[in-house]
Amino acid sequence: MKEVAILGGTFNPIHIGHIIAAQEVLTKKNLDHIIFIPTKNPPHKNFKELASPHDRYEMVRLAIKDNPNFMISDIEFKRDGNSYTYDTLIQLKEFMKDTKFHLILGFDALKYTDMWKNHEEVFKMASFIVVNRANSDSEMAEEIEAKKLKYNARISVVKIPDINISSTEIRNRVCNGESIKYLVPYEVEKYILSHGLYRGEGLERLWVYKKWSKKFIKTRKIYTFIKCWERSNKTG
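Below, the structure is looked at part by part. Along each chain, numbering runs from 1 in the same order as the chain's sequence is written. Under the rules for a predicted model, residues below a pLDDT of 70 receive no local features and side-chain atom pairs below 80 are neither given nor counted, while totals for whole chains, interfaces and linings still include all residues. Remark: hydrogens and water are excluded; side-chain values derive from all non-hydrogen atoms of the structure.

Moving on to the overall build of the protein. Within the protein one finds 10 helices and 6 strands. Taking as baseline every contact in the protein between residues at least 6 positions apart, the subset at least 24 positions apart corresponds to 74%. Accessibility throughout is a Shrake-Rupley quantity obtained with a 1.4 Å probe, and a residue counts as covered only by protein chains that appear here. Carbon and sulfur atoms provide 50% of the accessible area of the protein, an area that totals close to 13100 Å². Starting at the N terminus, helices and strands are each numbered in turn, a helix being any DSSP run of H or I of at least four residues and a strand any DSSP run of E of at least two. In what follows, residue pairs with any heavy atoms lying within 4.5 Å of each other are defined as contacts.

So, in structure tokens, the structure goes:
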């Protein structure tokens, strides 16, 4: 029986933190494959600057194409409505017989699994691999133990390097004209720049500053957002 872990997310965009986490799980859990699954409509998040499904799929594909143990699936793009882990597992189990599934997620996501669709069934269908970040080991241990007792969940922890990179930071850097070199794979960097992605990030915050405090218009932060907006319009 093959063992496969699912790493889902918006990947908006994918960055080296995702790649490193996946490789650490693959190696330390001795898995056959990691399946990257970009989400179409995450039900518990609201993104104002979400790249198209096609762009996010292509960035993931480019990021993982040189690793034979990494796979990508557009399964959630092909469904209508919100993206739910339960529905994804049902579909994967239909055409990936004799496969043991694991779900890779961070500690913050684990805390909110009670809000997932059919979460009790999800705990039965797959084991959970929690990748640690800068969390308290004692707090994480308590949460894991509580989930095990409540749902008879199978949960393990994989320690990964604490790389403080976020997709939000990358989008903001692109908008502000700053380098994202080495924060994302080279092919992803080229794709973002050549396709003009994330040039409008920060417009909503600019509007908020204007609305609530005119004095912020003179600050360096607002100046940066204005320049980003001007650059987006000139090049777009």
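Counting 35 residues, the largest nonpolar core has Ile14, Val25, Ile34, Phe36, Met59, Phe70 and Ile192 as its most contacted members. Those residues in contact with Ile34 that sit more than four places away from it in its chain are Ala5, Leu7, Ala22, Val25, Leu26, Asn69, Phe70, Met71 and Ile104. The definition of a nonpolar core used throughout is a set of buried Ala, Val, Leu, Ile, Met, Phe, Trp, Tyr and Cys residues joined through side-chain atoms within 4.5 Å. Buried, partly exposed and exposed residues are distinguished by accessible area as a fraction of the type maximum, computed with a 1.4 Å probe on protein chains only: under 20%, between the cut-offs, and over 50%, respectively.

Attention now moves to the packing of aromatic side chains. The criterion for an aromatic pair is that two Phe, Tyr or Trp rings (for Trp, the six-membered ring) have centres within 6.5 Å, with stacked assigned to planes under 30 degrees apart, edge-to-face to planes over 60 apart and tilted to the rest. Scanning the model with the defined rule gives 5 aromatic pairs in all. Geometrically, the ring pair formed by Phe11 and Phe36 is tilted, given 5.9 Å between the ring centres and 50° between the ring planes. One end of the pair, Phe11, is in the loop between strand 1 (2-9) and helix 1 (16-28); the other, Phe36, is in strand 2 (residues 33-38), with 25 residues separating them in the sequence. In this structure, Phe11 and Phe36 share a single accessibility class: buried. An angle of 10° between the planes, with centres 4.7 Å apart, marks the rings of Phe123 and Tyr151 as stacked. Here Phe123, found in helix 5 (residues 119-125), pairs with Tyr151, found in helix 6 (residues 137-151); they are 28 residues apart in sequence, far enough to count as distant. Here the two residues Phe123 and Tyr151 agree in accessibility, since each one is buried. A network of ring pairs unites the aromatic residues Trp116, Phe123, Phe128 and Tyr151 as a single cluster.

On to the pattern of salt bridges, then. Side-chain pairs of opposite charge can arise whenever the charged atoms involved come near each other. Note on definitions: salt bridges are taken to be side-chain nitrogens of Lys or Arg within 4 Å of carboxyl oxygens of Asp or Glu. According to the stated counting rule, one finds 12 salt bridges in the structure shown. Close ionic contact of Lys78 with Asp74 constitutes a salt bridge, the shortest N to O distance being 3.6 Å. Given a relative accessible area of 65%, Lys78 falls into the exposed group. A relative accessible area of 26% means that Asp74 is categorised as partly exposed. A salt bridge links Arg173 to Glu178, with the nearest nitrogen and oxygen atoms 3.7 Å apart. Its relative accessible area of 25% is what places Arg173 among the partly exposed residues.

The next thing to look at is the packing of helix 2 (residues 53-64) against helix 8 (residues 186-194). Whenever a helix is involved, its axis is fitted only over the stretch in contact; in every case the axis is a line through C-alpha atoms, and angles between N-to-C directions fall within 0 to 180 degrees. Between helix 2 and helix 8, the least distance of the axes is 8 Å, while the angle of their chain directions is 155°. The angle between helix 2 and helix 8 places the two elements in the roughly antiparallel class. In the crossing of helix 2 with helix 8, the sense of the turn from one axis to the other is right-handed. Across the interface between the two elements, His54, Asp55, Glu58, Met59, Leu62 and Ala63 of helix 2 pack against Glu187, Val188, Tyr191 and Ile192 of helix 8. For this classification, the nonpolar set comprises Ala, Val, Leu, Ile, Met, Phe, Trp, Tyr, Cys and Pro, the charged set comprises Asp, Glu, Lys and Arg, and every other residue, Gly included, is treated as polar. The residue inventory of the contact of helix 2 with helix 8, partitioned by class, reads 6 nonpolar, 1 polar and 3 charged. What sets the label is the angle itself: under 35 degrees gives roughly parallel, over 145 gives roughly antiparallel, 65 to 115 gives roughly perpendicular, and the rest give oblique. Crossing handedness is defined as follows: a turn of the near helix away from the far one that is anticlockwise and smaller than a right angle gives a left-handed crossing, while the clockwise case is right-handed.

This part is about helix 1. An α-helix turns once every 3.6 residues. As a result, residues three or four positions apart point the same way. Between its first and last C-alpha, helix 1 extends 18 Å over 13 residues, near the 18 Å set by a 1.5 Å rise per residue. Residues Gly17, His18, Ile19, Ala21, Ala22, Val25 and Leu26 constitute the buried set of helix 1. Within two residues after helix 1, Asn30 carries a phi angle of roughly 55°, on the positive side. To estimate the expected span of a helix, count its residues, drop one, and scale the result by 1.5 Å.

Right, let's get into unusual backbone geometry. A cis amide bond links Asn12 to the next residue, Pro13, at an omega of 5°. Relative to the elements of secondary structure, Pro13 occurs in the loop between strand 1 and helix 1. A positive phi is found at Asn30, a non-glycine position, where the angle reads about 55°. Relative to the helices and strands, Asn30 is located in the loop between helix 1 and strand 2. One non-glycine residue, Asn152, lies in the positive phi region at around 55°.

With a relative accessible area of 0%, Phe36 lands in the buried category. Spatially, the C-alpha atom of Phe36 lies 6.4 Å from that of Ser73, the residues being 37 residues apart in sequence.

A word on the pairing of strand 5 (residues 127-131). In terms of residue burial, strand 5 counts as a mostly covered element, since 5 of its 5 residues are buried. Here strand 5 shows two buried faces, one formed by Ser127, Ile129 and Val131 and the other by Phe128 and Val130. Criterion used throughout: strands pair if DSSP finds at least two bridges between them. Taken together, the 5 bridges between strand 4 (residues 99-106) and strand 5 define a ladder with parallel strand orientation. Note on strand 5: the bridge partner recorded for Gly106 is Val131. Inspection of the sheet shows strand 5 paired to strand 6 (residues 155-158) by 4 bridges, in the parallel sense. Across the sheet, residue Val130 finds its bridge partner in strand 6, namely Val157.

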